[in-house]
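Residues per chain are reported as follows:
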Amino acid sequence: MRRLVQVALLGFVSALTGAALGFDHGQYDNISPDIRAWFKSATAPNGVPCCDISDGHRTDYDYRDGAYWVPIEGQWMAVPERAIIRDHGNPIGQAVVWYAHHRGSIIISCFVPADAV
């Protein structure tokens, strides 16, 4: 029984930690419902949700040697193929990248180019 409680507590703490990565402090109040829905429904090709509007970053991008590149925190990074969303459209007309810090590295989880259809 004690082990079951420990596992449940660990799952709860993990869920809280993951949810704390993106914050909406009211800065997204004026976003239209259709744009908000688009952000909430964005999913990487592997089926993992990109998260939410507070986790996506509008960005510039470049296309070099068959790969997308985005600037993240002052550093240009190649977007991994597994993160590129090509079939979700892009109603905002600007590229969006979702990324997270993990063990000292930046991991790009999703990317939608400005001209995605």
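Before any of the text, the structure's been laid out above.
In this text, all values refer to a predicted model and were calculated from it rather than measured experimentally.

Novice: What is the right way to read the pattern of salt bridges from this model?
Specialist: Should their charged atoms come close, side chains of opposite charge can pair. The tally for this structure, following the rule as stated, stands at two salt bridges. Put simply, D62 and R64 hold a salt bridge, and the shortest N to O gap is 2.9 Å. A salt bridge links R86 to E81, with the nearest nitrogen and oxygen atoms 2.7 Å apart.

Novice: Sorry if this is basic, but what is going on with the sheet that holds strand β3 (residues 67-72) here?
Specialist: The pairing of strands in a sheet happens through backbone hydrogen bonds and is either parallel or antiparallel. Taken in spatial order, the three strands line up as β2-β3-β4 in an open sheet, and their pairing is antiparallel. Bordering the open sheet on either side are β2 (62-64) and β4 (75-78), each of which pairs with just one other strand. Going from strand to strand, the sheet's axes swing by 35° on average, the running direction of each strand aside.

Novice: Honestly, the state of the cysteines in this entry has me stumped. Any pointers?
Specialist: Disulfide: a covalent bond formed between the sulfur atoms of two cysteine residues. For the structure shown, the criterion picks out one disulfide. Two residues share a disulfide in this structure: C50 and C110, whose sulfurs sit 2.0 Å from each other. Disulfide C50-C110: the torsion about the S-S bond is -95°, which places it as left-handed. Within this pair, whereas C50 is found in the loop between α2 (33-41) and β1 (56-59), its partner C110 is found in strand β6 (residues 105-112), the two being separated by 60 residues in sequence.

What counts and how
Residues numbered from 1 in each chain as written. Predicted model: local features only at pLDDT ≥ 70, side-chain atom pairs only at ≥ 80, totals over all residues. Heavy atoms only, no water. Salt bridge = Lys/Arg side-chain N within 4 Å of Asp/Glu carboxyl O. Pairing = 2+ DSSP bridges. Helix = DSSP H or I, 4+ residues; strand = E, 2+ residues; numbered from the N terminus. Axes fitted to C-alpha atoms, helices over the stretch in contact; angles between N-to-C directions. Disulfide = S-S within 2.5 Å.

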